[in-house]
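Chain and residue survey
Each chain is listed here by its residues.
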Amino acid sequence: MTDVKSSLTPAAAPAVALSPTPRSKARQQREQQLLELAQQVLRQDGFTGLTMDRLASLSDVSKGTLYNHFSSKEDVLTALSVDSLQRLLQLFQHASTFSGHSRERALALHHAYHKFSAAEPTLFLCLLSAATPGVMEKSSPARLQQRQQLEMQLLQYCQHVLSDALDDGSLQLPVGVSLEQWSFINWALAFGCNALFVPLRQLGLFAGLAAPQVNLHSINLLFDGMGWLPLSSGWDYQQSWQQIGQMFGSQIADGTDPLLSPRKQEQA
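Residues numbered from 1 in each chain as written. Predicted model: local features only at pLDDT ≥ 70, side-chain atom pairs only at ≥ 80, totals over all residues. Heavy atoms only, no water.

Thoughts on helix α10 (residues 211–226)
Basically, it comes down to this: Under the scheme used here, helices are H or I runs from DSSP no shorter than 4 residues and strands are E runs no shorter than 2 residues, and both carry numbers assigned from the N terminus. Here the expected length of a helix is defined as 1.5 Å per residue gap, with one fewer gap than residues. Whether a residue is buried, partly exposed or exposed follows from its accessible area with a 1.4 Å probe, protein chains only, as a fraction of its type maximum: under 20%, in between, or over 50%, in that order.
With 16 residues, α10 should reach 22 Å at 1.5 Å per residue; the first-to-last C-alpha distance of 23 Å fits that figure. Of all the positions in α10, only Ala211, Asn215, Leu216, Ser218, Ile219, Asn220, Leu222, Phe223 and Met226 are classed as buried. Where α10 ends, the next residue or the one after it, glycine 227, has phi of about 80°, a positive value.

Shown next, in the form of structure tokens:
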């Protein structure tokens with residue numbers, strides 16, 4: 001089994017970056033503003049409405065300056081996916097501090113994923129759009145590499161809590177099933193539930209369902225099927241879900257919620 005715990009030790013954390021120069025800070029702020037404009041376009045007109053001409057016309061920068069930041073509109077989508085993964089990683093980091101048993105800590109990761117998808121549906125769907133071949137072929141290699149690194153870090157959190165469950169005996173791997181397979185199944189279920197819910201509701205389907213309950217019931221079905229103890233018949237995971245939500249609420253109160261824009265964080 002791959003040792004995923006060692007990859008999440010402090011030694012694996014990114015090195016402390018040097019303080020940005022005023023020029024680099026201004027560039028970062030401009031790029032963030034451009035990405036926020038791109039999100040607005042995506043919310044209003046969808047992916048087909050996002051063009052470099054449109055983005056330049058909405059911003060206070062020239063088209064040449066825009067191309068200094070992004071090589072194409074596909075590169076903008078990849079940049080948005082990187083921004084999404086960075087925010088999601090912060091949520092996963094916070095979720096990993098929940099002091100429950102291993103199944104509750106896995107539930108906290110699912111809660112973080114749902115929290116992000118509900119608060120930022122456009123950014124959430126960018127993760128899928130930016131992974132298509134047509135977008136990847138026209139994106140900068142540096143951004144693609146950054147995305148891959150972030151996705152690996154997120155996967156390590158998933159594998160880490162599964163590894164803990166195997167170590168404490170609350171979970172056992174069936175013959176022929178790998179830790180990687182279970183990590184993928186967890187991720188696939190989480191993405192599917194969160195990605196499908198809003199579009200189907202907009203079509204008038206499943207109007208009587210609430211997204212948090214759908215997520216919780218789906219996760220319990222999966223974890224019970226995996227035989228992950230304690231089973232939902234013997235533990236109140238509704239209460240666990242509420243406690244996890246309260247933990248995330250503290251981020252909003254102190255202004256450190258990664259779902260807040262940089263401007264809103266400054267105001268908080």
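From this point, the narrative continues.
Section: the side chain of serine 129
Put simply, the rule reads: Whether two residues are in contact is decided by their heavy atoms, any of which lying within 4.5 Å being enough.
Note that serine 129 resides in helix α6 (residues 121–129). Setting aside its immediate chain neighbours within four residues, serine 129 contacts Phe47 and Val135.

Observations concerning the confidence of the model for the chain
Heads up, the rule is: pLDDT: the predictor's confidence for each residue, scored from 0 to 100.
Confidence in the prediction of the chain, expressed as mean pLDDT, is 88, and 88% of residues score 70 or more. The spread of mean pLDDT over the elements of the chain runs between helix α12 (residues 262–267), the lowest at 46, and helix α8 (residues 141–168), the highest at 97. Within the model, the stretch residues 1–17 combines pLDDT values under 50 with 17 contacts to residues more than four positions away or in other chains.

What to know about helix α4 (residues 73–95)
The terminal C-alpha atoms of α4 lie 33 Å apart, and with 23 residues this matches the ideal 33 Å at 1.5 Å per residue to within 8%. Extensive coverage of α4 is indicated by the burial of 19 of its 23 residues.

Re the side chain of threonine 122
Structurally, threonine 122 is set in helix α6. With residues up to four places along the chain from it excluded, the contact list for threonine 122 reads Gln39, Leu42 and Arg43.

Side note on the packing of aromatic side chains
In plain terms, the rule: Ring geometry is summarised as follows: Phe, Tyr and Trp rings, the Trp one being its six-membered ring, pair when their centres sit within 6.5 Å, and such pairs are stacked at plane angles under 30 degrees, edge-to-face over 60 and tilted between the two.
Counted by the stated rule, this structure contains six aromatic pairs. With 5.0 Å between their ring centres and 25° between their planes, phenylalanine 124 and phenylalanine 191 make a pair best called stacked. A residue pair is termed long-range when its members are at least 10 positions apart, and phenylalanine 124 in helix α6 and phenylalanine 191 in helix α9 (residues 179–202) qualify at 67 residues. Taking the relative accessible area as the measure of exposure, phenylalanine 124 reaches 2% and is therefore buried.

Remarks on the packing of helix α1 (residues 22–45) against α6
To keep things clear, this is the line we draw: Lines fitted to C-alpha atoms define the axes, with helix axes restricted to the stretch in contact, and inter-axis angles between N-to-C directions lie between 0 and 180 degrees. Roughly parallel covers angles under 35 degrees, roughly antiparallel covers those over 145, roughly perpendicular covers 65 to 115, and oblique covers all other angles. In this count, Pro and Cys sit with the nonpolar residues alongside Ala, Val, Leu, Ile, Met, Phe, Trp and Tyr, while Asp, Glu, Lys and Arg are called charged and the others, Gly among them, polar.
Relative orientation of the contacting elements α1 and α6 amounts to 90°, with a least axis distance of 10 Å. Classified by the interaxial angle, the pair formed by α1 and α6 is roughly perpendicular. Across the interface between the two elements, Gln39, Leu42 and Arg43 from α1 touch Thr122, Leu123 and Cys126 from α6. Considered class by class, the residues forming the contact of α1 with α6 number three nonpolar, two polar and one charged.

Comments concerning the pattern of salt bridges
Note the cut-off: The salt bridge definition used is simple: a Lys or Arg side-chain nitrogen within 4 Å of an Asp or Glu carboxyl oxygen.
Throughout the structure, instances matching the rule amount to 10 salt bridges. Across the salt bridge formed by arginine 87 and glutamate 120, the nearest N and O atoms sit 3.5 Å from each other. Here arginine 87, found in helix α4, pairs with glutamate 120, found in the loop between α5 (102–119) and α6; they are 33 residues apart in sequence, far enough to count as distant. Overlapping salt bridges bring together Arg43, Asp83, Arg87 and Glu120 as one network.

Topic: the nonpolar core
Here is the rule we go by: Within this scheme, the nonpolar core is defined by two criteria: the residues are buried Ala, Val, Leu, Ile, Met, Phe, Trp, Tyr or Cys, and they are joined through side-chain atoms within 4.5 Å.
In this structure, Val76, Leu80 and Phe92 are the most contacted members of the largest nonpolar core, which totals 64 residues. Not counting residues up to four positions away in its chain, the partners in contact with leucine 80 are Leu35, Ala38, Gln39, Leu42, Leu123 and Cys126.

A closer look at the environment of tryptophan 228
Test applied: Contacts described as polar in this section are N or O atom pairs within 3.5 Å, which, within protein, must combine one atom able to donate a hydrogen with one able to accept it, while residues neighboring in sequence count only if both atoms come from side chains.
The residue tryptophan 228 is located in the loop between α10 and α11 (237–254) in this model. Classification of tryptophan 228 by relative accessible area gives buried; the value is 1%. Each C-alpha atom of the pair tryptophan 228 and glutamine 172 lies 7.8 Å from the other, and the pair is 56 residues apart in sequence. Setting aside residues up to four positions removed in sequence, tryptophan 228 forms contacts with Ser102, Arg103, Ala106, Val161, Leu162, Ala165, Ser170, Leu171 and Phe223. Polar contacts involving the side chain of tryptophan 228 include one to the side chain of serine 170, which spans 3.4 Å.

Overview of the packing of α9 against α10
Our working rule: It is the rotation of the near helix from the far one that decides the hand of a crossing: anticlockwise by less than a right angle makes it left-handed, clockwise makes it right-handed.
Interhelical geometry of α9 versus α10 gives an angle of 160° and a closest axis separation of 10 Å. Here α9 is positioned roughly antiparallel relative to α10, judged by the angle of their axes. Considering only the axes of α9 and α10, their crossing is right-handed. Residue-level contacts link Trp182, Ile185, Asn186, Leu189, Cys193, Asn194 and Phe197 of α9 to Ala211, Val214, Asn215, Ser218, Ile219, Leu222, Phe223 and Met226 of α10. Class assignment of the residues belonging to the contact of α9 with α10 gives a composition of 11 nonpolar, four polar and no charged.

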